[in-house]
Amino acid sequence: MTDPTPALFRPGLAAPGFAAPAEGSASAPVIVAIDGPAGSGKSSVSKATAARLGYGFLDTGAAYRALAWHALEHGVDTSDSTAVLEVFGDFDYAISLDTTDRWVRVGGVDVTTAIREPRVTDAVSGVARVGAVRQAVNQLFRRLVASAALRGVVVEGRDITTVVFPDAPVRILLTAAPEVRAARRSAELTDQDAAKVAAALHKRDAADSTVVDFLTAAEGVEVVDSTHLDFEQTVDAVLNVVDSTMGARDGR
Ligand SMILES: Nc1ncnc2c1ncn2[C@@H]1O[C@H](COP(=O)(O)OP(=O)(O)OP(=O)(O)O)[C@@H](O)[C@H]1O
Ligand SMILES: Nc1ccn([C@@H]2O[C@H](COP(=O)(O)O)[C@@H](O)[C@H]2O)c(=O)n1
């Protein structure tokens, strides 16, 4: 049987444009791992945190979104795992870790904006349910970070503190009350009905939480609850956790 895993995702192959030093080597970037539910601020807060630290930023949800986009381009129903695995076979994915120059590409096509469209958001949980996809993209995430010529990388996504980087020196669960998350997402999508936006967000959380638990903090994971914090206060709260954790690690 042909291996449906794209070549880029197979062990031993580096992502394009990346030299691959050994994982765990002295030059390996420091990892700040952040997870949490939809609309909690993972992406925006992680990116701002990375910029303040001078680190790179890896949005792991972009890989699942890009695969959902790729599946939709092939007319695939993402609730059909077999069909998803078939199109995964020629999924040629690339992402920038640079906070000032962010892009996502599939087969050389820039999909940075397209993967945020509601049709992709509605389809993404289907591809994220496929175990073989998760294993392959998780390996890619680890290789991308290990081979990045950066002091550190803030990595965000639903299973980052528990599955992808359970040994990261800094692990944070970023959360906020469900109604606050829905209101923030709705404020972004002003052309859409607020009740529908909230329903879609909660539906996606419900689907995703059958695959990974991003609502409770695993042992050693710090919780940052931004319900009563504005954006800058939230970034500061995350930076405080980074500072106290790294300080403790360095004996400061
Ligand atoms: N503390 C905050 N106060 C106000 N707005 C915030 C705060 N944190 C995040 N936001 C805003 O909430 C919205 C959702 O944030 P973001 O897209 O980063 O969440 P997310 O967790 O990555 O969501 P998803 O998992 O659905 O992609 C954005 O408009 C962001 O600017
Ligand atoms: N580590 C992750 C990241 C994402 N997902 C799935 O991708 C979807 C999109 O993620 P966003 O952060 O861009 O909203 C998300 O709804 C999950 O289905 C994941 O499973 N694991």
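Preceding block: the structure.
The structure displayed is predicted, hence computed values, not measured ones.

**Quick notes on the sheet that holds strand β4 (residues 104-106)**
- Strand order in the open sheet formed by 3 strands is β3-β4-β5, with antiparallel pairing between adjacent strands. If you trace the sheet from one side to the other, it starts and ends with β3 (93-95) and β5 (109-110), each paired once.
- In this fold helix α2 (residues 61-73) packs onto β3, β4 and β5, with an angle of close to 35° to the strand it touches most, β4.

**A few points about the environment of A207**
- Considering the arrangement of structural elements, one finds A207 in helix α8 (residues 194-208).
- Given a relative accessible area of 27%, A207 falls into the partly exposed group.
- The spatial distance from the C-alpha of A207 to the C-alpha of G126 is 8.6 Å, given a sequence separation of 81 residues.

**Structural notes on the nonpolar core**
- Ranked by size, the top nonpolar core spans 46 residues in total, and within it F9, L58 and Y93 carry the most contacts.
- Setting aside anything within four residues of it in sequence, one finds Y93 in contact with L8, F9, A62, A63, A66, V104, R105, V106 and L140.
- Ranked by size, the runner-up nonpolar core spans 20 residues in total, among them I34, V45, F57 and A237.

**Focus: the sheet that holds strand β1 (residues 30-35)**
- Taken together, the 5 strands give an open sheet; going across it, the order is β2-β6-β1-β7-β8, and neighbouring strands pair in parallel fashion. The sheet is open, and its two edges are formed by β2 (56-59) and β8 (222-225), each paired on a single side. Here the strands of the sheet are splayed against their neighbours by 25° on average, with no regard to which way each runs.
- Alignment of β1 against strand β6 (residues 152-156), held across 5 bridges, turns out to be parallel. Bridge pairing in β6 links A33 to V155.
- Sheet strands in contact with helix α1 (residues 42-53) are β1, β2, β6 and β7 (170-175), and its direction is about 175° off that of β6.
- The strands touched by helix α5 (residues 131-146) within the sheet are β1, β2 and β6, with β2 carrying the most contacts at an inclination of about 170°.

**Describing the packing of aromatic side chains**
- Across all of its chains, the model carries 2 aromatic pairs by this definition.
- Summarising the aromatic geometry, the rings of F91 and Y93 are spaced 5.4 Å apart at their centres and angled 20° between planes, so their arrangement reads as stacked.
- We classify F91 as buried; its relative accessible area is 2%.
- Judged by its relative accessible area of 2%, Y93 falls in the buried class.
- Site record: aromatic cluster; members linked through ring pairs are F88, F91 and Y93.

Analysis parameters
- Residues numbered from 1 in each chain as written.
- Chains lettered and ligands numbered in written order.
- Predicted model: local features only at pLDDT ≥ 70, side-chain atom pairs only at ≥ 80, totals over all residues.
- Heavy atoms only, no water.
- Pairing = 2+ DSSP bridges.
- Helix = DSSP H or I, 4+ residues; strand = E, 2+ residues; numbered from the N terminus.
- Contact = heavy atoms within 4.5 Å.
- Axes fitted to C-alpha atoms, helices over the stretch in contact; angles between N-to-C directions.
- Buried < 20%, exposed > 50% of the residue type's maximum accessible area, 1.4 Å probe, protein only.
- Core = buried A, V, L, I, M, F, W, Y, C linked by side-chain atoms within 4.5 Å.
- Phe/Tyr/Trp six-rings, centres within 6.5 Å; stacked < 30°, edge-to-face > 60°.

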